[in-house]
Structure formats: C-alpha cells, structure tokens
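# Examination of the molecular architecture
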Amino acid sequence: MAAQKDLYDAIVIGAGIQGCFTAYHLAKHRKRVLLLEQFFLPHSRGSSHGQSRIIRRAYPEEFYTQMMNECYQIWAQLEQEAGTQLHRQTGLLLLGMKENPEFKTIQATLSRQRVEHQRLSSEELKQRFPNIRLARGEVGLLDKSGGVLYADKALRALQDAIRKLGGIVHDGEKVMEIKPGLPVLVKTTSQIYQAKNLIITAGPWTNQLLRPLGIELPLKTLRINVCYWKEKVPGSYNVSQAFPCFLGLGISLAPHHIYGLPSREYPGLMKVCYHHGNNAEPEERDCPTAFSDIQDVQILSRFVRDHLPDLHPEPAIMEHCMYTNTPDEHFILDRHPKYDNIVIGAGFSGHGFKLSPVVGKILYELSMKLTTHYDLTPFRISRFPGLGKAHL
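In this section: the overall build of the protein. Each helix and strand in the protein was counted, giving eight helices and 20 strands. The globule rule puts the C-alpha radius of gyration for 392 residues at 21 Å, and the 21 Å found for the protein is close to it. Over its C-alpha atoms, taken along the principal directions, the protein stretches across nearly 65 × 45 × 45 Å. For the protein, buried positions account for 56% of its 392 residues. Partitioning the intrachain contacts of the protein with sequence separation of at least 6 by distance along the chain shows that 74% fall at a separation of at least 24. Across the protein, the mean location of the 46 positive side-chain charges is 3 Å away from that of the 39 negative side-chain charges.

Under the defined criterion, the tally for this structure stands at 16 aromatic pairs. With a centroid separation of 5.7 Å and 90° between ring planes, the pair formed by F21 and Y24 is classed as edge-to-face. One end of the pair, F21, and the other, Y24, are both in helix α1 (residues 17-28), three residues apart, so they sit about a helical turn from each other. Residues F21 and Y24 agree in their burial class; the two are buried. A network of ring pairs unites the aromatic residues Y59, F63, Y64, F331, F348 and F379 as a single cluster. The aromatic ring of Y8 is capped on one face by R32, whose charged end is 5.2 Å from the ring centroid. The ring of Y150 has R264 sitting right over it, with the charged end atom 4.3 Å from the ring centre.

Turning our attention to the side chain of T206. As for its position among the elements, T206 is in helix α6 (residues 206-210). What T206 contacts, discounting residues up to four positions off in sequence, is L217, L219, I344 and A346.

So, about the pairing of strand β14 (residues 245-248). Burial of β14 is two-sided: the residues C245 and L247 facing one way and the residues F246 and G248 facing the other way are all buried. Of the strand pairs in this sheet, strand β5 (residues 92-97) and β14 are connected by four bridges, and their pairing is parallel. Counterpart to L94 in the pairing with β14 is L247.

Take the packing of helix α2 (residues 62-82) against helix α8 (residues 356-367) next. Running from N to C, α2 and α8 point in directions that differ by 100°, and their axes come no closer than 7 Å. Taken together, the axis directions place α2 and α8 in an arrangement best described as roughly perpendicular. Of α8, the residues touching α2 (which contributes M67, E70, C71, I74 and W75) are S356, P357, V358, K361 and I362. Class assignment of the residues belonging to the contact of α2 with α8 gives a composition of seven nonpolar, one polar and two charged.

Right, let's get into the nonpolar core. With 49 residues, the main nonpolar core has W75 and L355 as its most contacted residues. The element that contributes the greatest number of residues to this core is α2, accounting for eight residues. When residues no more than four places from it in sequence are discounted, the contact partners of L355 are Y59, Y64, M67, M68, C71 and F331. Membership of the second largest hydrophobic core comes to 28 residues, among which are Y8, I13, V184 and Y193.

Before going further, it helps to examine the sheet that holds strand β3 (residues 52-55). Think of a sheet as strands paired side by side through backbone hydrogen bonds, with each pair either parallel or antiparallel. A sheet is described by the order of its strands in space; here three strands give the open sequence β3-β8-β4, paired in antiparallel fashion. Taken across any chain shown, the strands that pair with only one partner, and hence form the sheet edges, are β3 and β4 (87-89). With strand direction ignored, the average angle separating the axes of adjacent strands in the sheet is 25°. When β4 meets strand β8 (residues 147-150), the two strands line up antiparallel, connected through three bridges. Within β8, the residue paired with R88 across the bridge is V148. Across the sheet, α2 touches β3, β4 and β8, and the angle it forms with β3 is around 140°. Packing against the sheet, helix α5 (residues 151-164) makes contact with β3 and β8, and its axis sits at approximately 45° to β8.

We now examine the environment of M368. When you line up the elements, M368 lands in the segment after α8. Look at M368 and you get buried, because its relative accessible area is 18%. In the structure, M368 is positioned 171 residues away from N197 in sequence and 7.9 Å away in space, judged by C-alpha atoms. In this structure M368 touches D9, A10, L26, K31 and N197, once residues within four positions along its chain are discounted.

Direction vectors running N to C along α1 and α8 enclose 55°, while the axes themselves pass 7 Å from each other. The orientation of α1 with respect to α8, classified from their angle, is oblique. For the crossing formed where α1 meets α8, the hand is right-handed. The segment α1 lies against α8, with I17, Q18, F21, T22, H25 and L26 engaging S356, P357, V359, G360, K361, L363, Y364 and S367. The residue inventory of the contact of α1 with α8, partitioned by class, reads seven nonpolar, six polar and one charged.

What counts and how
- For every chain, the first residue of its written sequence is number 1, and the numbers climb from 1 along that sequence.
- The predicted nature of this model means local features are confined to residues of pLDDT at least 70 and side-chain atom pairs, given and counted, to a pLDDT of 80 or more, with totals for whole chains, interfaces and linings taken over all residues.
- Side-chain measures here rest on the full set of heavy atoms in the structure, leaving out hydrogens and waters.
- Helix numbering and strand numbering both begin at the N terminus, where a helix is a DSSP run of H or I of at least 4 residues and a strand a DSSP run of E of at least 2.
- Between the two quantities, the radius of gyration covers C-alpha atoms and the globule rule is 2.2 Å times the number of residues to the power 0.38.
- Burial status follows relative accessibility: with a 1.4 Å probe on protein chains alone, a residue under 20% of its type maximum counts as buried, one over 50% as exposed, and anything between as partly exposed.
- Here, two residues are considered to be in contact whenever any of their heavy atoms come within 4.5 Å of each other.
- For this count, His and the chain ends are skipped, Lys and Arg are scored as positive, and Asp and Glu as negative.
- To locate a charge, take atom NZ for lysine, CZ for arginine, CG for aspartate or CD for glutamate.
- In this analysis, rings of Phe, Tyr and Trp, with Trp reduced to its six-membered ring, are considered paired at centre separations within 6.5 Å, and the interplanar angle assigns stacked below 30 degrees, edge-to-face beyond 60, and tilted for intermediate values.
- Only when the NZ of Lys or the CZ of Arg is both within 6 Å of the ring centre and within 35 degrees of the ring normal is a charge said to sit over the ring.
- Between any two strands, pairing holds if DSSP finds at least two bridges.
- Axis lines are fitted through C-alpha atoms, for helices just across the contact stretch, and the angle between N-to-C directions can take any value from 0 to 180 degrees.
- Note that the term roughly parallel is reserved for angles under 35 degrees, roughly antiparallel for angles over 145, roughly perpendicular for angles of 65 to 115, and oblique for everything else.
- In this classification, the charged set is Asp, Glu, Lys and Arg, the nonpolar set is Ala, Val, Leu, Ile, Met, Phe, Trp, Tyr, Cys and Pro, and all remaining amino acids, among them Gly, are polar.
- Put simply, buried Ala, Val, Leu, Ile, Met, Phe, Trp, Tyr and Cys residues joined by side-chain atoms within 4.5 Å make one nonpolar core.
- Left-handed describes a crossing whose near helix is turned anticlockwise from the far helix through less than a right angle; right-handed describes the clockwise counterpart.

The structure is reproduced here in structure tokens:
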C-alpha cells in the first residue's frame, strides 16, 4: 500500500455535518486538510442525512442558546457562499404543561438571553394554530427564531465549499488503523496518510476508532424511527400555512420529547418523530423492526391522534437514522487524554446538527491549539468518571 508523502495540517475522519464543518473551518483558515469518509457520498448510514432538521435557540441550558447566536451567523454565511437557501424561519412552538420544569427553564433561558419569544395560553394557541388540539393545562412557548434547516443541501454546500477552499475530500475510504505520534498516521482501505493533527467525528463508529487508542467513551448508539404522517387535507400543516416546527415536552405520557416539522419534504406528509430509539450497532441500522420500535411508533400514533387531528394517525413512511448519545446528552468536544494532537467530537445525542457550525469551529480551534471563546467544561471527557489520563 502506497504511503502518501504529503503532510496534512489535519485529517478529519467522518464527513457527517460535524466533520464537514470542522474541515470547512480548517480550509477557511488555509490549513491543508483531508476529510475521510468510509461510505460513498451522499449516504444515509449515519446521523446527518435526510432533508430537514430543526434549528432553535430554545434550550434549557444557556450555553447552547449562547452558541446558537454564532451558529445562525455561520449558517447565513454558508447560505450566501453557496448561493442556495439552507434555512427557513418558521418559528418553533414548545408545547407542554405550564408547570413542566423544563418548559419553565427554557422560558427563563430565552428571557435571560433576550431571545424573542412569546408565551401562548391555551386560548391563544387555539386561535393561532387551530389544527393543534391541546389537552387541559397545556400551553405554548414560541421561539420566533426557530425553523427548518435543509440538511442534505447543507452537507452538499459544505463539501463543495471545502473543495473550493483547497481541502481534499476522499469518500469510500474506510479507516483501518490510526498510529498516534508526530505525525499521526492514518491507514485506510487504499492509502496511508500523515498529518500533524487528527480530528475524529465518526458518529456511531467513534469507539471502534478509539478502542485501539486506549479509550472507550460512554456512547450509546440508537436507531431512531423517522416517521412521516399523511395530511387528511393536503397542505394543512404546510410551511406555506405558517405552521411552525414544534417540540412537545412530556406530553401524551411520552417519557421523551416528540417533535415535528411542517410538511414540505414529501408533499402532503408531515414529519413527526420521537426523540429516542433503541440500542443498535451502526451496521444493524436496517435490521428488522424490534418490538420496542413498535412501542415508539404507538407513542407517536397516540400523540398524532390526540394533538394533530388533521393527520392520519398511522405513519405513511418510516425511515431510520442513528443517534450517538452520551449519558447526559451533552456533546464530547475534547482532546484525547493521552495524545493531544488527536481531537474528538462525539455524542451529539440527536441535537447536534443545528450547532455544527460552532462545533466545527471549536474542533478546529482545539486541533490548532487556539483559544476558544466558549467554556468547554460541559463537553470535557473528564466529566465521565474513570476516563481521565490516569486511567489510560
């Protein structure tokens, strides 16, 4: 196998949205960057495919709301560079019982961060969104900056931008071995590369790459059902009808969030999903449906029947996606505890897409030993007991 003589400033493993934004920031700062992807692009095996994601500032944690300010700026910048629409503002409607602690915390965060929002009583919700049916005591909170990101278009725009900026993208090349050191060596199915720095953004495959490097992160890979529901009257939940994205907190007896996006991807179908799934190895993503998958869909069917009466309460289309979750559902953005030229971005826990512009910037800054403007305490590996340097 031929070893390349070129020495890259950085190699990024994994061309999902986080890896793409990392490579984009590196290329923008004139670094020699190689982005490696095991599958041929585009692919639907990881966590970044599909046509849409929610973008929002509404979070219980202030650090995410603060990061979102810069995210919106970078999304707008990419949109301008690409000359294509990547985002549509629809508003994000939070639904929950008025005494729900998370609901209250999000409202307090939005107020403190001066994000434009509006509290809606049951009556106001009925007037504004007559095709949402509420249970007694449920209220709404509208994050006016919320909306839809066009995910597949964003990935294409980033990959094109990386190439235009002089970065190299190699797809269909699986990483077989990483040899730490200065430089770090990366052996793929077709070449051996060397770089001053390595950034691993491999989603569900992260631990497969990290185990030989002496560390295993507490990551759980989940298979998520992505469900689309048919409108009884086409267009009734469409973006053109000013219908917002929504996030249901603790409603319909669901232990996890339920979220939805206005119909657009598939005409006459609305995306309504459960923010949880079932343990699955990434290679098992397309295996037959497990019993717990059926339970998740039953929770959604009940929610659709009770809250969205203008949808048929059985999914018309069901697709799959992978989440890679940490125990606290906060990201891991850190250097390897032993090799400080290996940086890890992982555990995006099903809410990382919107935040990827800043995640990519942080991973670029970590790899180049630059000072980052964000407090990375919530994202450090050391928050998990037994994973510090002493245990390697």
